[in-house]
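This is what each chain is made of:
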Amino acid sequence: MLSELKKQFPQSLKYDWQWAAKHEMGPNALWLTEFLTQAIALNQDMKVLDLGCGKAISSIFMAKEFNVQVWAADLWITPTDNWKRVQAEALEDRVFPVYAEAHSLPFAEGFFDVIISVDAYHYFGTDDAYLPYILKFLKPGGTLGIVAAGIRDEFNGDIPSSLKALWQPEMHTLHSPQWWRQHFAKTGLLNVTTCDCLPNGWAIWKFWEEYLTENGFMNPGRGNDLDLLNADGGRYLCFPRIIGQKQ
Ligand SMILES: C[S@@+](CC[C@H](N)C(=O)[O-])C[C@H]1O[C@@H](n2cnc3c(N)ncnc32)[C@H](O)[C@@H]1O
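These numbers come from a predicted model, not from an experiment.

**A few points about the state of the cysteines**
- Applying the stated criterion to the full structure yields zero disulfides.
- Looking at the unpaired Cys195, the closest cysteine sulfur is the one in Cys197, lying at 7.9 Å.
- Given the relative accessible area of 17%, Cys195 is considered buried.
- Cys197 takes part in no disulfide bond, and the closest cysteine sulfur, belonging to Cys238, lies 3.3 Å away.
- Judged by relative accessible area, which is 16%, Cys197 ranks as buried.

**Quick notes on the pairing of strand β1 (residues 47-51)**
- Counting buried positions over the five residues of β1 gives four, a clear majority of the element.
- Across five bridges, β1 lies against strand β2 (residues 69-74) in parallel orientation. For Leu51, the partnering residue across the bridge sits in β2 and is Ala73.
- Between the parallel pair β1 and β2, the chain is carried across by helix α4 (residues 57-66), and the sense of this crossover is right-handed.
- Sheet analysis places β1 next to strand β4 (residues 112-118), joined by three bridges and oriented parallel.

**Considerations on the site of the ligand**
- If you check the shell around the ligand, you find 18 residues, and the closest are Met25, Asp74, Glu101, Ala102 and Val118.
- A distance of 2.8 Å separates a nitrogen atom of the ligand from a polar atom in the backbone of Gly52.
- At a separation of 2.8 Å, an oxygen atom of the ligand approaches a polar side-chain atom of Asp74.
- Coverage of the ligand by the protein chains reaches 95% of its 590 Å² of free accessible surface.
- More than half of the atoms belonging to the ligand lie within 2 Å of the grid points that define the largest pocket.

**What to know about the pattern of salt bridges**
- Summed over all chains, the structure comprises nine salt bridges.
- Asp45 serves as the salt-bridge partner of Arg94, at 3.1 Å between the closest nitrogen and oxygen. A residue pair is termed long-range when its members are at least 10 positions apart, and Arg94 in the loop between α5 (79-88) and β3 (95-99) and Asp45 in the loop between α3 (29-37) and β1 qualify at 49 residues.
- You can call Arg94 buried: its relative accessible area is 13%.
- For Asp45, a relative accessible area of 40% gives the class partly exposed.
- Linking Lys139 and Asp113 is a salt bridge whose minimum nitrogen-to-oxygen distance equals 2.9 Å. Here Asp113 lies in strand β4 and Lys139 lies in strand β5 (residues 138-147), a separation of 26 residues in the sequence.
- Its relative accessible area of 29% is what places Lys139 among the partly exposed residues.

**Concerning the confidence of the model for the chain**
- The pLDDT averaged across the chain works out to 96; a share of 98% of its residues lies at or above 70.
- Helix α1 (residues 2-8) is the least confidently modelled element of the chain, averaging 94 in pLDDT, while β1 averages 99, the highest of any element.

Reading the values: rules and limits
- Residues numbered from 1 in each chain as written.
- Predicted model: local features only at pLDDT ≥ 70, side-chain atom pairs only at ≥ 80, totals over all residues.
- Heavy atoms only, no water.
- Disulfide = S-S within 2.5 Å.
- Buried < 20%, exposed > 50% of the residue type's maximum accessible area, 1.4 Å probe, protein only.
- Helix = DSSP H or I, 4+ residues; strand = E, 2+ residues; numbered from the N terminus.
- Pairing = 2+ DSSP bridges.
- Right-handed = clockwise from strand over helix to strand, strands pointing away.
- Near = heavy atom within 4 Å.
- Polar contact = N/O pair within 3.5 Å; in protein donor to acceptor, adjacent residues only side chain to side chain.
- Areas by Shrake-Rupley, 256 points an atom, 1.4 Å probe, with all protein chains shown as cover.
- 1 Å grid on protein atoms, 1.4 Å probe; cavity = no way out; pocket = protein on both sides within 12 Å on 5 of 7 lines; lining within 4 Å.
- Sits in = over half its atoms within 2 Å of the grid points.
- Salt bridge = Lys/Arg side-chain N within 4 Å of Asp/Glu carboxyl O.
- pLDDT = per-residue confidence, 0-100.

Structural data, given as structure tokens:
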């Protein structure tokens, strides 16, 4: 698995695993951010919103790897907490932590070149009214990119028997790439250019959860996905990635 990971995530594999494990709030925020940014043209000094950044390691990654300016916006993690991580990386002129509720953002319309969201958009973005709102903050032609836990195909009815006992009501916000494509494209506001899943995503997810568990990094507040992953066996669980340009 390690040699495959090195090929798939050459940038994020340079980062300390313990640092990533300590500060992520979803399954490997660095790997998911690298996967997302592989399909987004990030150029120096671009203004990027990292929406639902958690502990801002995705923001730190983008600032270091692409020299962009990142507004690291989150609800549960305070800007002061994130600022300490930014200072530790000497990125005070690149990463700007902000307290933000996704429906009431403190930014100027048309401000950002790129808006990304890593394992967070499904907390607020399944509502049909959300895309028109968030796109206001992008420049014309700007890019929106999301990656999050999801499912390969919609259930279209009952929860599959393999998953039923473990499926929590809030997991109904997990969707397939095609669902997200349609959710975005039907508005006529976003030209969807990428719609896929992280290759080998189920196995990568399971590998990371095992690493966290075996090395004592499993944060009790985050929850352990291993039972769900084992029950799924690779049929549904994956990481959809959807990217598009504001029309
Ligand atoms: C699973 S965590 C992922 C955090 C981070 N991106 C990562 O991968 O480590 C989901 C994040 O979404 C943020 N979030 C959830 N609802 C939100 C909302 N309404 N407005 C802003 N952020 C929200 C939470 O604060 C949390 O940090």
